[in-house]
Amino acid sequence: MTELFYDAAPNATRVAPERPGPRTYPAKPPEVTLFGTCVVDLFFPEAGLDAIRLLEREGIRVHFPQEQSCCGQPAWTSGYVNEAREVARAQLNLLDNGLPVVVPSGSCAGMFRQHYREVFAEEPDTLKRVDDLAERTFELTEFLLHVCKVDWQDLGQPTQIALHTSCSARREMNTHLHARELLGKLANVERLDHDHESECCGFGGTFSVRMPEVSGAMVLDKTRSLRESGAVEMVTADGGCLLNINGSLEKQKQTFRGRHLASFLWARVSGEVKS
Amino acid sequence: MSQRIPVKELTDSFRGRAVGALADAQLRTNFRVAMDSLMKKRADAFPDEEEREGLRELGNHIKARALSRLPDLLEQLEAKLTENGVHVHWAETTEEANRIVHTIIESKQGSQVVKGKSMVSEEMEMNDYLAERDIECLESDMGEYIVQLDGEKPSHIIMPAIHKNRRQVSKLFHNKLGVDETDDVNELIQIGRRTLRKKFLEADVGVSGVNFAIAETGTLLLVENEGNGRMSTTVPPVHVAVTGIEKVVANLRDVAPLLSLLTRSALGQPITTYVNMISGPRKADELDGPEEVHLVLLDNGRSGAFADAQLRQTLNCIRCGACMNHCPVYTRVGGHTYGEVYPGPIGKIVTPHMVGLDHVPDHPSASSLCGACGEVCPVKIPIPELLQRLRQENVKSPDEPAVVQGGGSKYSWKERALWRMWMALNTRPTLYKCFLWAATRLGKLTPKNLGPWTENHTAPVPARRSLHDLAKAHLNAEKTSGDRS
Amino acid sequence: MSARDNILKKLRAGLEGSTPRPDQFDETLVTEPWQYAPEDRIQRLRSLMETVHTEVYTLAAANWPAKVQELLENRRLANLLYAPGTGHGQQLAEFWAEAAAEQNLLAYDRPIEEWKEELFWQVDASITGTAGAIAATGSLVLWPDRHEPRLMSLLPPLHIALLKASEVEDNLYVMMEKQNWPAGLPTNLLLVSGPSKTADIEQVLAYGAHGPKELVVLILEDA
Ligand code: SF4
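The present account deals with the structure reproduced in this document. (Residues numbered from 1 in each chain as written. Chains lettered and ligands numbered in written order. Predicted model: local features only at pLDDT ≥ 70, side-chain atom pairs only at ≥ 80, totals over all residues. Heavy atoms only, no water.)

Further remarks concern the packing of aromatic side chains. One pass over the full model with this rule turns up 17 aromatic pairs over all chains. An angle of 25° between the planes, with centres 5.6 Å apart, marks the rings of Tyr80(A) and Trp419(B) as stacked. You can see Tyr80(A) sitting in the loop between α3 (73-78) and α4 (81-94) and its partner Trp419(B) sitting in helix α21 (residues 413-427), one on each of two chains. Classification of Trp419(B) by relative accessible area gives buried; the value is 10%. Taking the centre distance of 6.2 Å and the plane angle of 45° together, the rings of Tyr432(B) and Phe435(B) count as tilted. With Tyr432(B) and Phe435(B) both in helix α22 (residues 429-442) and three residues apart, the pair spans about one turn of that helix. Residue class for Tyr432(B) comes out buried when judged on its relative accessible area of 4%. The rings of Phe35(A), Phe112(A), Tyr116(A) and Phe120(A) are connected pair by pair, giving a single aromatic cluster. The ring of Tyr342(B) has Arg319(B) lying over it, and the distance from NZ or CZ to the ring centre is 4.5 Å. Sitting over the face of the ring of Tyr57(C), Lys67(C) holds its NZ or CZ atom 3.9 Å from the ring centroid. (Phe/Tyr/Trp six-rings, centres within 6.5 Å; stacked < 30°, edge-to-face > 60°. Helix = DSSP H or I, 4+ residues; strand = E, 2+ residues; numbered from the N terminus. Buried < 20%, exposed > 50% of the residue type's maximum accessible area, 1.4 Å probe, protein only. Lys NZ or Arg CZ within 6 Å of the ring centre and 35° of its normal.)

Next up, the structure:
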């Protein structure tokens, strides 16, 4: 991490942190920890399991510490810093064993990699551990692509899909690029662009309940452009967006649905067809 | 949509105004079309990502350097301008700034003011202040003129009348100016030109904003396309520039990157038609230009933002409007929903310092924190980070010191208690597992109505088994099969 | 305490204990992307200016007065505002006398107050010199002074500007350096990059908002 300040005075004028260069990736490790994230845990557990299967398929032993919960993002973005910090601390302690951490959600991975620095800004001693965790944290697609360097054979039928990337995943983790490249490895999968692809789906955690009208207008537009892309289904690497988009589609009584990318990928490479 | 909320209670809030804006199909189309085109223009103006990112970094450095010695630079600017013959005034509040402007006009027995585009004068509500004192203050930027003619406020800081289409402008001109209706934009602009030219000629005082105030040379730099800024600063015998204290930069060369960032980010132009650098009043032997030039430096809460190193970054802003052009919320609800002078992401982070966070308590929450604004900001203001910070300030309890004026107005012990519970749940694994157990078993009992969420979605039903459960079973099975082999 | 003192005091308190940031101005960022071979420089200027509706002609230095007359004739304009105290102003006046041109030459030789109405409504065109031009952005540098006042490039519907081919620089930064702007600026230095325009209604571009509807640049090649 680069220096945020020219001088150490707490009130020194801030400059933007230097742009990070391209991330360098380690060799494929024998073991990793999966951080499932609370949304996947409760609403899309199969996707978490598929993430484990995908990793195991690469010969990696996956740990899933039963003590894990949430990265702290909901409280953090709502302004409840102390509450967020304690939840973050619990995860930080739990994940403090040096193992790479794989997260099947870009925004939670981004929380570890970028925002824990802000969360713990006033605890210089903790920051070292925060930086260490940031170094070891990978979003699932990124990990499969750059660390596992997967080479897949696509066992599925030809299909056309649309890819939605959560905003934080896109901006903090480049997940859109990783996911595109991964999907590109599947011979029978065609990824179709959709209108305003990089625009937010309107989830934004508590935003969706604090400003339901605005959020609703956003998700309505998003689901429309997804449907109009001509794709058969949508895939995404983020549980929050999936909850938002699928919930809206169901409310609209549409048949079009989104699926977690981990599940989609597992289905393609394992040949398992799930309902 | 509007029947879901008792609108009466909400028209005074961001959310209430948003409901109205969302229901206006014409407005939504106007904004979507305009913002799409502005985004494309910006993208086209920065074809080379490396170049763009390097320049943004430089822009950020220049502003940070200026802010890191802001008081000294302001003094230097004042000294240089005074040396050049410009009168410098300081105002802590908009009231003070208005009084200064009014005193200048009065001393000239002026009754007509013509204004080039200036967001700071909007902040001051200068038009109203002067009108109450029988001074006509006319906007001369075409967009501002249209908006003023209709008794409205600008809905965008660069394109004030972006919410209107040509038919609406034509009707307005017809009603107010008595001209024939026309669908021809050129014709409409020519009507504006003729009307306003007369005003430039008659005006006693010209008012303008400032894009950059250069301390090194004592220069006020203004950018514009129409020529109304040049008119306002050249034709009337007195020119009064009003600006925020954050607009000062150290050196003339600092302007080279900032100018490029500003015009490319705002409208995708390599440069505006006019870049107008004013370094003093008319000299004794010169044949035109104002005999007097004044600069009013306005604080209006900026020093409050300045006091906090994180929030100080708000003052990097060069008012390009790119953040609103790229904002999915702004695109849908338009500028008037924000209810204040500065709309969009910049409005959300700067307005609290001007009017108090308690006056715009919904501002920080009206964002999905998608980050589009921060990504395009030419001076790299971490807008989402500042929104998050303002959310913090919003919910602070009354016994913590308020950093932002009007902070803590959203404090609610109930909400705090809920987050405390959430914290307990997520820091105590046994509790969390109990919660998972209950949620997965009772998922079927999820109520159909979950308040705001179910307005747009069906109720989310928890899976029958959590990932904790599935992973445990799966990994145990692996282990046993592994042990067996 | 005055507003000034209050503001400065608050700002100083905010900075207490911190040091000013160093000057890390990296000039390559504003120069390197904007460098052109000499033969491309004028082409760049020209094409940028033309995209915003500027007419650009390149001609031998001696021929410009005739070109000016032709421009006025083609547009059937009745008069031309010029600066008699400048070199090009004198050249123009001489040509006009010799050619017995019928368009009226109006000399900007008295303060605006004395003929405001006329300047505003009755002048058809103007001609001014320039202090050079910037290829990167397609901009003319205007350096108005007592001989060639500010409004000449603003009030008439047609503005004709003379530009020496040798005075076109790559970018703004180089221009500032070469002409050493910080050492002394005129009352009103201007960059002009086309005729006046607006896109305030539906983002439709319309020319001649408040300033000239037309800008013509005559690039003069040295003999
Ligand atoms: S915050 Fe950034 S993007 Fe928004 S107006 Fe200011 S400078 Fe432009």
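Right, let's get into the site of the ligand. Looking at the ligand, the residues that line it are Cys317(B), Ile318(B), Arg319(B), Cys320(B), Gly321(B), Cys323(B), Ile346(B), Cys377(B), Pro378(B), Val379(B), Ile381(B) and Ile383(B). Split into classes, the residues belonging to the shell around the ligand amount to 10 nonpolar, one polar and one charged. (Near = heavy atom within 4 Å. Nonpolar A, V, L, I, M, F, W, Y, C, P; charged D, E, K, R; others polar.)

This part is about the interface of chain A and chain C. Each side of the interface is counted separately: chain A has eight residues, and chain C has 10 residues. Where chain A meets chain C, there are zero salt bridges. (Contact = heavy atoms within 4.5 Å. Salt bridge = Lys/Arg side-chain N within 4 Å of Asp/Glu carboxyl O.)

What follows is about the pattern of salt bridges. The tally for this structure, following the rule as stated, stands at 73 salt bridges over all chains. Note that Arg416(B) is salt-bridged to Glu83(A), the shortest N-O span being 3.3 Å. With one member in each of two chains, Arg416(B) in helix α21 and Glu83(A) in helix α4 form a pair that bridges those chains. Each member of the pair, Arg416(B) together with Glu83(A), is buried. In this structure, Arg302(B) engages Glu123(B) in a salt bridge whose closest nitrogen and oxygen atoms are separated by 2.8 Å.

With that settled, the discussion passes to unusual backbone geometry. Residue and element names in this part refer to chain A. Even without a glycine there, the phi angle at threonine 37 is positive, about 75°. With respect to the helices, strands and loops of the structure, threonine 37 is situated in the loop between β1 (31-34) and α1 (38-43). Look at lysine 149: it is not a glycine, yet its phi comes out positive at around 50°. Tracing the backbone through its elements, the reader meets lysine 149 in the loop between α7 (140-147) and β5 (159-164). Since its relative accessible area comes to 57%, lysine 149 is described here as exposed.

What follows is about the pairing of strand β12 (residues 214-221) of chain C. All names here are of chain C. The element β12 is extensively covered by neighbouring structure, given that six of its eight residues are classed as buried. As defined by bridge partners, strand β1 (residues 54-60) adjoins β12 across seven bridges and the pair is classed as parallel. Counted as the bridge partner of valine 56 is valine 217 from β12. Pairing geometry for strand β7 (residues 158-164) and β12, over seven bridges, is parallel. Paired with leucine 162 across the strands is leucine 218, a residue of β12. (Pairing = 2+ DSSP bridges.)

With that out of the way, let us pick up the state of the cysteines. Following the criterion strictly, the structure yields zero disulfides over all chains and no others. Cysteine Cys373(B) remains unbridged, with the sulfur of Cys370(B) as its closest cysteine sulfur at 6.3 Å. (Disulfide = S-S within 2.5 Å.)

Every contact between the two is made by 76 residues of chain C and, on the other side, 99 residues of chain B. A combined buried area of about 7600 Å² lies between chain C and chain B, and 60% of that area is made up of carbon and sulfur atoms. The salt bridge involving Arg4(C) is made with Glu78(B); its shortest N-O contact spans 2.7 Å. Run the count over chain C and chain B and you get 49 residue pairs in polar contact (both at pLDDT 80 or more). Those elements that provide at least two residues to the side of chain C that touches chain B are α1 (3-15), α2 (28-31), α6 (116-121), α7 (172-178), β9 (188-192), β10 (197-198) and β11 (206-207) of chain C. A total of 10 residues in the side of chain C that touches chain B trace back to one element, the largest contributor, which is α1(C). Of the residues in the side of chain C that touches chain B, the class split is 41 nonpolar, 17 polar and 18 charged. As paired elements, strand β9 (residues 274-278) of chain B and β9(C) share five bridges and run antiparallel to each other. Considered in β9(C), the bridge of Met277(B) is made with Leu189(C). (Buried area = accessible area lost by both parts, 1.4 Å probe. Polar contact = N/O pair within 3.5 Å; in protein donor to acceptor, adjacent residues only side chain to side chain.)

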